[in-house]
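If you want the building blocks of each chain, they are given just below.
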Amino acid sequence: MSDITLSKAVRSNLLSLQNTADLMAKTQERLATGNKVNSALDNPTNFFTASALNSRAGDLNALMDNMANGIKTLEAADNGLTSITKTLESMQSTLRQARQDKSFQVDTYEVNKLSTLKVNGGRFGAETEIRLQEPTGGTKATLAASVPGVNYVNPPATAGTLEGPGPRTLIEYDPSFDDGGKIRIDGKELTIGTPGSNDASGVAAAINTAMGPAGITGYTVSSSGNKIIIEANDKTVSSPDVEFVAGITTAKFGETSFIYNKDNVGTVKAGGQNISTGGGTFSTFVASLQENAEAGGYEVSFDIPTQRITLKSTTQGGPAPAIEGLRENGPATGAARTFDWSGYLVDLQNETVFGVTLPSTLTTFQDVLDTLNDPTNGLSGHTASLSDEGYLVITSNTPGSTSVSVDPSTSGVFAEISGLAKSGTDAISDGISVTRLAGVSGAYTEAVEAASHKFTLTYGTKSAEINVVGRDGSPHAQANQLKLINDQLLAAGLYDIEASFDANDQLVFKALTEESKTLAVSGENSTDLFGTTTVSTGSPAVSAYKSSNAVDQFVEEINRNPDTAGYIRASNDNGKLRIENLSTQELSVELDKDGDGVGSPTNHKIAGNATRANLASEFNELKNQLDRLADDASFNGINLLRGDNLRITFNESGNSFIEIQSKDGAGISANTLDLRHLNAIDLDADMDIDKLLDGVKLALSSVRSQASKFGSNLSIVQNRQSFTKQMINTLETGAANLTLADMNEEAANLLALQTRQSLSSSSLSLASQADQSVLQLLQ
């Protein structure tokens, strides 16, 4: 064996030992970390995939606290609702106890047939006199038109209007009618020929001519000024429905639309009217817009879910309604100052203004603007422009600047306009996006009712707006007219009043029953028909008493008279009149035993029902506790029972979430549940208590419904929490499968490498000894 061969063997063994050492180091690292992939050098695909999986698991794990807090917030709200439910049940029990209590106070009186009692207090709003009555048949409230010569066939038109005998539709003339066009009248289409003249009268004649071929009848067409009039011959129908089909420019109203955001609303004006922001509530803001709509020349529409508000101009073809005080989206702007330069053109020649020398050749103000805006010798960092009013405006080119950094010359040729200096703004992208659509001039329609006698008829607490339109030409014209009037009464709920015409063809309104109610007419044409007799009061029939005994007659009178029945209760107590005060308030009774002031009257007091009064106080305390429970049902600063919004995010990108809030964001309170503070008198009548019980029942239903909703939300969040836990486990397990080492396998590898290292060391030792022996022989 040569010297070279021996050296190769040594080198081979050395390399083997080095490789074995490297493998052992890698294996020991895997055993120490438990991972088979510890860096991208080990396995790039597995390393980066595992990193991404672990990163997502970490993001999801960070959301678990948010979900846990959300669950606790919902549980706190549920605790509050549970206690509120128990409180409402206690309030219900309190009212039922009041309903069952009959501990009303009584007093007795000696009376005869001439006696008079005057009662006040208790449930009586004013002093009420009680005496025995003579039998009578009663009277029905009746009002008859008394002014002679009233025209019921063709009522006169209201002054200053275009009313006619029949209902009308007015069409505003537009030049687009000059070429004809198509319209639809009550669903029937007609083509308008070329008008004989380019005005309303020419178009009206063209429409009238086109009606025959189109088979449209029952209308009269005329004109007045710039209005085309289409009138229905039937006075009892609605105004004709006119639609523009083709060839006619239709007028449009200007509109301003935006989505309300309390954080971007300042001092607001709409149509020049001051609008109340109401402490940042949508409802108050809309209400103020509505209150000022007529003066501002606009109509308001709104959508509660999106909180979009639209202002529509009341003028056809008018501009979009102006609104100020909203922080609107827009580009960045520079500061600006405005100057009045009118009449100074000659003075500006050779003048130095804003640091710029103007030439002597100026002939127009545009020459001044061109010089100021010259890119070489003009303004530095500013731009000159002309306002709509003709003023000079100098604007900084720096967005967000607060002032214009150049000043005019001191020669006095410019006068700055006070109040028009503006500070610049940064670009606004988080403000309110306002859409403004200008109106379009054109043709439009306006419905006008038929001329009629108009007045308001009131009976008791109900009222009806009556329009007596003219009569048609049929044999049953009067009957048809009456039917329309009675239909208006029925529509207003006045079922106990009937209209008719008397022998003199005068309109009469009469109650159907004898009762103590007042019938009255008022308003526009009331005195034109009824003169000065505009009020009539009926009286109930009084039947004869069943008993001849004075005490029993008083008992019957008190218990049947609507002015006293239900307020007090009477009975015969061993020949004396027994009066029971059906109230929690003290009742005053003045008795004139002999009647008509004969002898001195005696004064008495009957105490109120103290039990019901105390129960009213208990009800109020429970109501107060309800609000306190709602106030205390918060967790980590969020109280769902006070209308707070709870947002729980479910994924790392933030696009999967749930927002939880009470209905309409109003929260749960005595106010939102329509539970009011009770006065003792509110528990006087069983009927009133029944209404209060109905209110508490509705409140219970509302609270249970909200609890059910929160319960559903809690279930969703808990399900997502479980799902997220499982996803985190899946992601972490997946990442571990890509990187974790098999400890048994690595331990076996280490043992094998140690054995290999031992053998390689022995081999190297032998090879080295062999080389030394050969060298000794050669020496």
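Quick note: structure is the one above.
Bear in mind the structure is a predicted one, so any value in this text is a computation, not a measurement.

### Observations regarding the overall build of the protein
Link 1 in the chain: Looking only at helices and strands, the protein has 13 helices and 36 strands in total.
Link 2 in the chain: Out of the 779 residues in the protein, the part that is buried amounts to 38%.
Link 3 in the chain: Long-range pairs, those at least 24 residues apart, make up 66% of the contacts in the protein with a sequence separation of at least 6.
Link 4 in the chain: As displayed, the protein offers around 40700 Å² of accessible surface, 48% of which is attributable to carbon and sulfur atoms.

### Brief notes about the packing of helix 2 (residues 44-100) against helix 11 (residues 610-631)
Link 1 in the chain: Their axes nearest at 9 Å, the elements helix 2 and helix 11 cross at an angle of 170 degrees. Comparing their axes, helix 11 and helix 2 come out roughly antiparallel. For the pair helix 2 and helix 11, contact is made by Ser83, Ile84, Thr87, Leu88, Ser90, Met91, Thr94, Leu95, Gln97, Ala98 and Arg99 and by Arg612, Leu615, Glu618, Phe619, Leu622, Lys623, Leu626, Leu629 and Ala630, respectively.
Link 2 in the chain: Split by residue class, the contact of helix 2 with helix 11 holds eleven nonpolar, five polar and four charged.

### Some remarks on the environment of Ala447
Link 1 in the chain: Examined against the element boundaries, Ala447 turns out to sit in strand 24 (residues 445-448).
Link 2 in the chain: Under the relative-accessibility criterion, Ala447 is labelled exposed at 61%.
Link 3 in the chain: In the structure, Ala447 is positioned 217 residues away from Ile230 in sequence and 9.8 Å away in space, judged by C-alpha atoms.
Link 4 in the chain: Here Ala447 is in contact with Arg168 and Ser239, once residues within four sequence places are set aside.

### A closer look at the sheet that holds strand 34 (residues 602-606)
Link 1 in the chain: Reading across the sheet, the four strands line up as 3-2-33-34 and stay open at both edges, with antiparallel pairing between neighbours. The open sheet has two edge strands, strand 3 (124-130) and strand 34, and neither has a second partner. Within this sheet the neighbouring strands show an average axis-to-axis angle of 15 degrees, counted without direction.
Link 2 in the chain: Sheet topology note: the strand 2 (residues 116-121)/strand 3 ladder contains four bridges and is antiparallel. Within strand 3, the residue paired with Val119 across the bridge is Thr128.

### As for helix 4 (residues 282-291)
Link 1 in the chain: What helix 4 keeps buried is the set Phe282, Phe285, Val286, Ser288 and Leu289. Buried positions in helix 4, seen along its axis, are confined to an arc of 160 degrees and lie on one side of it. Of the exposed residues in helix 4, those oriented more than 90 degrees away from the buried face are Ser283 and Glu291.
Link 2 in the chain: The inward-facing, buried residues of helix 4 contact strand 11 (253-259), strand 12 (265-270), strand 13 (273-275), helix 5 (293-296), strand 14 (298-303) and strand 15 (308-316).

### Things to note about the packing of aromatic side chains
Link 1 in the chain: Counted under the stated rule, the structure contains ten aromatic pairs.
Link 2 in the chain: Where Tyr152 meets Phe501, the ring centres are 5.2 Å apart and the plane angle is 75 degrees; that geometry is what we call edge-to-face. Of this pair, Tyr152 sits in the loop between strand 4 (142-144) and strand 5 (168-172) while Phe501 sits in strand 27 (residues 497-501), and the two are 349 residues apart along the sequence. This pair shows no difference in class: Tyr152 is buried, exactly as Phe501 is.
Link 3 in the chain: Ring geometry for Phe455 and Phe509: centres 5.9 Å apart, planes at 75 degrees, overall edge-to-face. Linking Phe455 in strand 25 (residues 452-459) with Phe509 in strand 28 (residues 507-511), this pair joins segments that are 54 residues apart in sequence. Judged on exposure class, the residue Phe455 and its partner Phe509 are both buried.
Link 4 in the chain: Here the aromatic residues Tyr260, Phe282, Phe285 and Phe302 are joined through ring pairs into a cluster of three or more.
Link 5 in the chain: Between the NZ or CZ atom of Arg471 and the centre of the ring of Phe501, over which it lies, the distance is 4.7 Å.

### Some thoughts on the sheet that holds strand 9 (residues 227-232)
Link 1 in the chain: In space, the four strands of this open sheet follow the order 8-9-5-24, with antiparallel pairing throughout. With partners counted over all chains shown, the strands left at the sheet margins are strand 8 (219-224) and strand 24, one partner each. The mean inter-strand angle of the sheet, taken between neighbouring strand axes irrespective of direction, is 20 degrees.
Link 2 in the chain: Pairing analysis gives four bridges linking strand 5 to strand 24, with the strands arranged antiparallel. Note on strand 24: the bridge partner recorded for Leu170 is Glu446.
Link 3 in the chain: Its contacts with the sheet put helix 3 (residues 200-214) on strand 8 and strand 9, and the angle it makes with strand 8 is roughly 170 degrees.

### A word on the nonpolar core
Link 1 in the chain: Counting 45 residues, the largest nonpolar core has Leu88, Leu95, Leu641, Ile660, Leu675, Leu683 and Val717 as the members making the most contacts within it.
Link 2 in the chain: Sorting the residues of this core by element identifies helix 2, helix 11, strand 35 (646-649), strand 36 (657-660) and helix 12 (686-739) as the ones contributing at least two each.
Link 3 in the chain: A total of 14 residues in this core trace back to one element, the largest contributor, which is helix 2.
Link 4 in the chain: Beyond its immediate sequence surroundings of up to four residues, Val717 is in contact with Met67, Ile71, Leu74, Ile648, Phe650, Ile658 and Ile660.
Link 5 in the chain: Residues Tyr152, Phe455, Ala499 and Val521 belong to the second largest nonpolar core, which totals 25 residues.

### Section: the side chain of Thr371
Link 1 in the chain: Looking at the secondary structure, you find Thr371 in helix 7 (residues 365-372).
Link 2 in the chain: Not counting residues within four places of it along the chain, the set of residues in contact with Thr371 comprises Val356, Thr357, Leu358, Pro359, Leu362 and Gly378.

### Some thoughts on the environment of Ala541
Link 1 in the chain: Here Ala541 lies in the loop between strand 30 (535-537) and helix 10 (550-560).
Link 2 in the chain: Relative accessible area serves as the criterion here: at 47%, Ala541 is assigned to the partly exposed category.

### Some details on the pairing of strand 36
Two faces make up the sheet, and in a regular strand the side chains alternate between them.
Link 1 in the chain: On strand 36, burial follows the alternation: Ile658 and Ile660 on one face are buried, whereas Phe657 and Glu659 on the facing-out side are not.
Link 2 in the chain: With four bridges connecting them, strand 35 and strand 36 associate as antiparallel partners. Looking at the pairing, Leu646 lines up with Ile660 of strand 36.

### Concerning the pattern of salt bridges
Link 1 in the chain: Within the structure shown, the criterion is met by 26 salt bridges.
Link 2 in the chain: Between Asp496 and Lys517 there is a salt bridge, with its nearest N and O atoms 3.8 Å apart. With Asp496 in the loop between helix 8 (477-491) and strand 27 and Lys517 in the loop between strand 28 and strand 29 (518-522), this pair connects stretches of sequence that are 21 residues apart.
Link 3 in the chain: Note on Asp496: relative accessible area 22%, which makes it partly exposed.
Link 4 in the chain: Residue classification places Lys517 among the partly exposed positions, given a relative accessible area of 28%.
Link 5 in the chain: Glu557 is paired through a salt bridge with Arg560; the nearest N and O atoms lie 3.7 Å apart. Of this pair, Glu557 and Arg560 both sit in helix 10, three residues apart, roughly one helical turn.
Link 6 in the chain: Overall, the relative accessible area of 30% leaves Arg560 in the partly exposed class.

### Thoughts on the pairing of strand 25
Link 1 in the chain: Summarising burial for strand 25: seven of the eight residues are buried, a large majority.
Link 2 in the chain: Summarising the sheet, strand 25 and strand 26 (residues 462-469) pair through eight bridges and their orientation is antiparallel. Each bridged residue has a counterpart across the sheet, and for Lys454 the counterpart in strand 26 is Asn467.
Link 3 in the chain: In sequence, strand 25 turns back onto strand 26 through a hairpin of two residues, with Gly460 there showing a positive phi of about 65 degrees.
Link 4 in the chain: Where strand 25 meets strand 29, four bridges bridge the pair, whose relative direction is antiparallel. Looking across to strand 29, one finds that Thr456 is bridged to Ser522.

Cut-offs used in this document
- Residues numbered from 1 in each chain as written.
- Predicted model: local features only at pLDDT ≥ 70, side-chain atom pairs only at ≥ 80, totals over all residues.
- Heavy atoms only, no water.
- Helix = DSSP H or I, 4+ residues; strand = E, 2+ residues; numbered from the N terminus.
- Buried < 20%, exposed > 50% of the residue type's maximum accessible area, 1.4 Å probe, protein only.
- Contact = heavy atoms within 4.5 Å.
- Areas by Shrake-Rupley, 256 points an atom, 1.4 Å probe, with all protein chains shown as cover.
- Axes fitted to C-alpha atoms, helices over the stretch in contact; angles between N-to-C directions.
- Parallel < 35°, antiparallel > 145°, perpendicular 65-115°, else oblique.
- Nonpolar A, V, L, I, M, F, W, Y, C, P; charged D, E, K, R; others polar.
- Pairing = 2+ DSSP bridges.
- Arc of directions from axis to C-beta.
- Phe/Tyr/Trp six-rings, centres within 6.5 Å; stacked < 30°, edge-to-face > 60°.
- Lys NZ or Arg CZ within 6 Å of the ring centre and 35° of its normal.
- Core = buried A, V, L, I, M, F, W, Y, C linked by side-chain atoms within 4.5 Å.
- Salt bridge = Lys/Arg side-chain N within 4 Å of Asp/Glu carboxyl O.

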